[in-house]
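Analysis of the macromolecular model
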Amino acid sequence: MANAEVVRRLDESVPLLVEVAPSRNVVPGMSDRMLLHCGPAIEWTDVSDPLRRSMRAAAVSEGWAQTVEEADRMLADGTVTLQPGYLHDTVLPMATTIGPSAPVFVVDNRDGGTRAFAPINQGPGETAWFGCETPSAIARLDFLRDVAAPLLGQIVESSGPIDLFR
C-alpha cells in the first residue's frame, strides 16, 4: 500500500524550479559554519578521502580557510559543523559538500507541499564533487557561486517557475 502511494505521488507530482539561491538563504537549518555532505551523518575521523577533499575545497571556497591544510585543521577540530544533506531536504551527489554560500536549485512540488534543494552540477574534470581539492576545483566552486548562479537565477526569475518534466 505504501509503495503504491509513493508511485502515485511520483507519477502525479510536478517538480518546479522556482529559484537559484545561496543555501544560507533557503536551506532549512543551514548555519554560518556548516557544511552539508552526501551520505549519512559521519564524524570527521571516519570521512572517506574523496569526501574529505571535497569538504576542504568547500571550506576554502567559503573563505573560512586560506589553504586546504588550514581547512583540514578546522574540520578536524570541529570549527566547521558537518551535517548530512538529507536532514536539510538537500540532495547531494557523489562526494559533494556545500557551504552556506553555495548556490542551490530550489524545487517545489506544490501538489505535494514539499520543497527540496540541490547544488548546481560542477561538471566534469577537476571538481570537488569528484573529490578534488585543487585550485582549479576551488575556482569552479567560486565560479558557480559568483557567475553561474546569478545568471541561472535571472533566468528562473524572468521566466517564473520552470516545470522540470517539460
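Residues numbered from 1 in each chain as written. Predicted model: local features only at pLDDT ≥ 70, side-chain atom pairs only at ≥ 80, totals over all residues. Heavy atoms only, no water.

Within the secondary structure, Tyr86 is located in the loop between β3 (81–84) and β4 (97–98). For the pair formed by Tyr86 and Arg53, sequence separation is 33 residues and the distance between their alpha carbons is 20 Å. Filtering out sequence-adjacent residues up to four positions away, Tyr86 remains in contact with Gly39, Pro40 and Ala41. (Helix = DSSP H or I, 4+ residues; strand = E, 2+ residues; numbered from the N terminus. Contact = heavy atoms within 4.5 Å.)

Here Pro135 is to be found in helix α5 (residues 135–159). Residues Pro135 and Val7, spaced 128 residues apart in sequence, show a C-alpha to C-alpha distance of 43 Å.

Quick look at the side chain of Thr97 now. With respect to the helices, strands and loops of the structure, Thr97 is situated in strand β4. Looking at Thr97, the relative accessible area reads 4%, which means it is buried. Here Ser54 takes part through its side chain, which lies 3.4 Å from a polar atom of the side chain of Thr97. Leave out the neighbours within four places in its chain, and Thr97 touches Leu35, Leu36, His37, Leu51, Ser54, Met55 and Ala58. (Buried < 20%, exposed > 50% of the residue type's maximum accessible area, 1.4 Å probe, protein only. Polar contact = N/O pair within 3.5 Å; in protein donor to acceptor, adjacent residues only side chain to side chain.)

With that settled, consider the packing of aromatic side chains. Any pair of aromatic rings gets described here by the distance separating the centres and the angle formed by the planes. All told, the structure shown has 1 aromatic pair when counted by the stated rule. A ring pair is formed by Trp129 and Phe130, whose centres lie 4.6 Å apart and whose planes are at 20°; its orientation type is stacked. For Phe130, a relative accessible area of 38% puts it in the partly exposed group. (Phe/Tyr/Trp six-rings, centres within 6.5 Å; stacked < 30°, edge-to-face > 60°.)

It is worth spelling out the pairing of strand β1 (residues 15–22) at this point. Of the strand pairs in this sheet, β1 and strand β5 (residues 103–109) are connected by 7 bridges, and their pairing is antiparallel. By the bridge assignment, Val20 is partnered in β5 with Phe105. With 2 bridges joining them, β1 and strand β7 (residues 162–163) adopt antiparallel strand pairing. Along β7, the bridge assignment pairs Leu17 with Ile162. (Pairing = 2+ DSSP bridges.)

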